[in-house]
Amino acid sequence: MAEFNTSAGRATTRADPKDLNRLRDEYTEALMAGNERAASAAIDRALALNWDLKTIYVDLMRHPILLVGEMWDRGEVSVAYEHQITQYTIQEMARLRREFRPDQHLGFRAVVTSVEGDQHVVGALMVADLLRQAGWEVDFLGADTPAVDLTDFVRERKQDLVVLSVTSRESLGSLRTTVENLKTIDPPPTVMIGGRAVSFESDSTPDLWGADAIASDAFEAVVIARTLAVGVEGSDSIADLLSRIGGRIRASRLDAGMNQAELASGAGLDRTYIGAVERGRQNVTMAALLRLADALGLSIDDLISK
Ligand code: B12
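What counts as what
- Sequence order sets the numbering: in each chain, residues are counted from 1 along the sequence as written.
- Two thresholds apply to this predicted model, a pLDDT of at least 70 for residue-level local features and 80 or more for giving and counting side-chain atom pairs, whereas whole-chain, interface and lining totals are computed over all residues.
- In computing side-chain values, all of the structure's heavy atoms are included and hydrogens and water are not.
- A donor here means an N, O or S atom no more than 2.8 Å from the metal, or no more than 3.2 Å when the metal is Na, K or Ca. Since water is not included, a site may seem to lack partners.
- Labels follow the DSSP assignment, with helices taken as runs of H or I lasting at least four residues and strands as runs of E lasting at least two, numbered in each case from the N terminus.
- At least two bridges found by DSSP between two strands is the condition for calling them paired.
- Here, two residues are considered to be in contact whenever any of their heavy atoms come within 4.5 Å of each other.
- Axis definition: a line fit to C-alpha positions, over the contact stretch in the case of helices; interaxial angles, taken between N-to-C directions, run 0 to 180 degrees.
- Every angle not falling under 35 degrees, over 145, or within 65 to 115 is termed oblique; those three ranges are roughly parallel, roughly antiparallel and roughly perpendicular.
- For this classification, the nonpolar set comprises Ala, Val, Leu, Ile, Met, Phe, Trp, Tyr, Cys and Pro, the charged set comprises Asp, Glu, Lys and Arg, and every other residue, Gly included, is treated as polar.
- What counts as a salt bridge is simple: a side-chain nitrogen of Lys or Arg found within 4 Å of a carboxyl oxygen of Asp or Glu.
- Only protein chains enter the area calculation, which uses a 1.4 Å probe; residues under 20% of their type maximum are buried, those over 50% are exposed, and those in between are partly exposed.
- Handedness of a crossover: with both strands directed away from the viewer, a clockwise path from the first strand across the helix to the second marks it as right-handed.
- Note that the domain bounds reflect an automated or database-derived domain assignment.
- Distances are taken per atom, and a residue is near a molecule or strand as soon as one of its heavy atoms is within 4 Å of it.
- In the analysis that follows, any N or O atom pair within 3.5 Å is treated as a polar contact, provided that within protein one partner can donate a hydrogen and the other can accept it, and provided that, for residues neighboring in sequence, both atoms belong to side chains.
- Note on ring pairs: Phe, Tyr and Trp rings are taken, using the six-membered ring of Trp, and paired if centres are within 6.5 Å. Classes follow the plane angle, with under 30 degrees stacked, over 60 edge-to-face and the rest tilted.

### Here's the deal with the coordination of the cobalt atom of the ligand
Reasoning step 1: In this structure, the cobalt atom of the ligand receives exactly one donor atom from the protein: H120 (NE2), at 2.3 Å.
Reasoning step 2: The topology assignment puts H120 in the loop between strand 1 (109-115) and helix 5 (122-133).

Here is the structure:
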């Protein structure tokens, strides 16, 4: 199985879908029965299979939380069951954080928090840990950080990136206020937003919230963060960035002895799209970048880093 190098510090492999389904069932059943020891054993097996952190967090550990949420919604379980699973998840994430130490330090600092009034914390913590693992210094503030206090904090600490998580739609008003507050800082910080309330809305754009970027999931957050930081580092324009990415894709394709049609077919994309990307004329999406990196046997980082 191909090496999948998005997890710095550990050699990781792509999870086999059969293993993923089996372990997810075991893990979920264990937690629903309150058997934390069996749940931790399922995580140990995922570690032994060399899964990357994103797979363990998003594809394995997120599942029972959503399931208990649905059951709670239907009145089948009390909030006590959700609380137990949430607390267990947060504890296990601390263990995994030690397993997946970063093997590089980018020299960038981010602050990650849920917006004022939003009590949901696990998604934001997943984003924070994936950024840490990718080499970011992260100040994680947890849930419900008042907009004014966050703004003072960013003014004092001067993070390169502010990452705001919004889970509940009721918190969207506070998202707007928070971004407005942050943008009064001189110079204004770069703000990325995400979480269920914004990422799942197809008409949500960064402009709508005054932010610089929206990421659709925790993994994309890491890729976009890096792109934003690279931009900050070298004052690249988007055109420069696209042109560099395009040049790197072309060089890697030629190294791999592929023509554009072969790369297009490997990545499941159109050949004319590949041509435009290689010329730096296409505002390439993160999903396409992932497919291209995969087809070339590279990581996204190989394609976007300076
Ligand atoms: C656990 C939970 C709670 C817990 C939170 C405990 C805690 N300490 O975190 C408690 C009990 C406190 C809670 C309270 C409430 N909740 Co609640 N809760 C949930 C539940 C079941 C799971 C949330 C979770 O942890 N998911 C696991 C994480 C890993 O997934 P995630 O949050 O989606 O995060 C992923 C992505 O979204 C993304 N992501 C997250 N943040 C960010 C940020 C960036 C920048 C990026 C790029 C990506 C990203 O990355 C993560 C990994 O992929 C959801 C159900 C659901 N389907 O989401 C409801 C849910 C979110 N809650 C809901 C509601 C309504 C509430 C309450 C209003 C209920 C009430 N009547 O009191 C309150 C609101 C409290 C408040 N003011 O915020 C609704 C929200 C609906 C809406 N209107 O938007 C949901 C969807 C349940 C439902 N089906 O109705 N909740």
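From this point, the discussion proceeds with the structure in view.
### Thoughts on the sheet that holds strand 2 (residues 137-145)
Reasoning step 1: Taken together, the 5 strands give an open sheet; going across it, the order is 2-1-3-4-5, and neighbouring strands pair in parallel fashion. At either margin of the open sheet sits one strand with a lone partner, and together these are strand 2 and strand 5 (213-214).
Reasoning step 2: For strand 1 and strand 2, the ladder comprises 6 bridges, and the chain directions are parallel. The residue bridging V111 from the neighbouring strand is D139, located in strand 2.
Reasoning step 3: Helix 5 contacts strand 1, strand 2 and strand 3 (161-165) of the sheet and is inclined by roughly 175° relative to strand 2.
Reasoning step 4: Lying on the sheet, helix 7 (residues 172-182) is in contact with strand 1, strand 3 and strand 4 (190-194); it crosses strand 3 at an angle near 170°.

### Quick notes on the packing of helix 4 (residues 79-99) against helix 5
Each pair of packed helices can be summarised by the angle the axes make with each other and by the distance between the axes.
Reasoning step 1: Contact pair helix 4 / helix 5: the axes reach a minimum separation of 11 Å and the direction vectors enclose 5°. Our classification of the angle between helix 4 and helix 5 gives roughly parallel. When helix 4 is examined against helix 5, the residues T86, T89, I90, M93 and R97 are found in contact with a partner set consisting of V122, L125, M126, D129 and R132.
Reasoning step 2: Per-class residue counts for the contact of helix 4 with helix 5 are 5 nonpolar, 2 polar and 3 charged.

### Things to note about the pattern of salt bridges
Reasoning step 1: Per the stated rule, a full pass over the model turns up 14 salt bridges.
Reasoning step 2: Residues E26 and R45 are paired through a salt bridge, measuring 2.4 Å at the closest nitrogen-oxygen approach. You can see E26 sitting in helix 1 (residues 17-32) and its partner R45 sitting in helix 2 (residues 36-48), a full 19 residues away along the chain.
Reasoning step 3: For E92, the salt bridge is made with R95, and the minimal N-O distance between the two is 2.9 Å. Taken together, the residues span about one helical turn, with E92 and R95 both in helix 4 at a distance of 3 residues.
Reasoning step 4: Here E92 falls in the buried class, since its relative accessible area comes to 9%.
Reasoning step 5: Accessibility expressed as a relative area gives 23% for R95, which makes it partly exposed.

### Observations concerning the pairing of strand 1
Each regular strand shows side chains that alternate between the opposite faces of the sheet.
Reasoning step 1: With 6 of 7 residues buried, strand 1 is to be regarded as a mostly interior element.
Reasoning step 2: Crossover strand 1 to strand 2 through helix 5 is right-handed.
Reasoning step 3: Bridge count between strand 1 and strand 3: 5 bridges; the pairing is parallel. Paired with V111 across the two strands is V162, which belongs to strand 3.

### Some details on the domain arrangement of the protein chain
Reasoning step 1: In terms of domain boundaries, the protein chain breaks down into domain 1 (17-99), domain 2 (109-234) and domain 3 (238-304).
Reasoning step 2: If you average the C-alpha positions of domain 1 and of domain 3, the two centres end up 35 Å apart.

### Concerning the environment of G247
Reasoning step 1: Within the secondary structure layout, G247 lies in helix 11 (residues 238-255).
Reasoning step 2: Distance from G247 to T190, taken between C-alpha atoms, is 26 Å for residues 57 residues apart in sequence.

### Considerations on the site of the ligand
Reasoning step 1: The environment of the ligand is made up of 36 residues, and the closest members are G117, Q119, H120, S165 and R169.
Reasoning step 2: Interatomic distance of 2.9 Å between a side-chain N/O atom of R62 and an oxygen atom of the ligand.
Reasoning step 3: Contact distances for the ligand include 2.7 Å between a nitrogen atom and a side-chain N or O atom of S165.
Reasoning step 4: Contributing elements (two or more residues each) for the shell around the ligand: helix 3 (53-73), helix 4, helix 5, strand 3, strand 4 and helix 10 (218-234).
Reasoning step 5: The element best represented in the shell around the ligand is helix 3, accounting for 7 residues.
Reasoning step 6: Its residues placed into classes, the shell around the ligand shows 16 nonpolar, 12 polar and 8 charged.
Reasoning step 7: A domain split of the shell around the ligand shows at least three residues from each of domain 1 (17-99) and domain 2 (109-234).

### Comments concerning the packing of aromatic side chains
Reasoning step 1: Scanning the model with the defined rule gives 2 aromatic pairs in all.
Reasoning step 2: With a centroid separation of 6.3 Å and 45° between ring planes, the pair formed by Y27 and Y88 is classed as tilted. Here the residue Y27 occupies a position in helix 1, and Y88 occupies one in helix 4, the gap between them amounting to 61 residues. An identical accessibility class is assigned to Y27 and Y88; each is buried.
Reasoning step 3: With 5.4 Å between their ring centres and 35° between their planes, F108 and W136 make a pair best called tilted. Taken together, the positions of F108 in the loop between helix 4 and strand 1 and W136 in the loop between helix 5 and strand 2 put the pair 28 residues apart, joining distant regions of the chain.
Reasoning step 4: Overall, the relative accessible area of 9% leaves F108 in the buried class.

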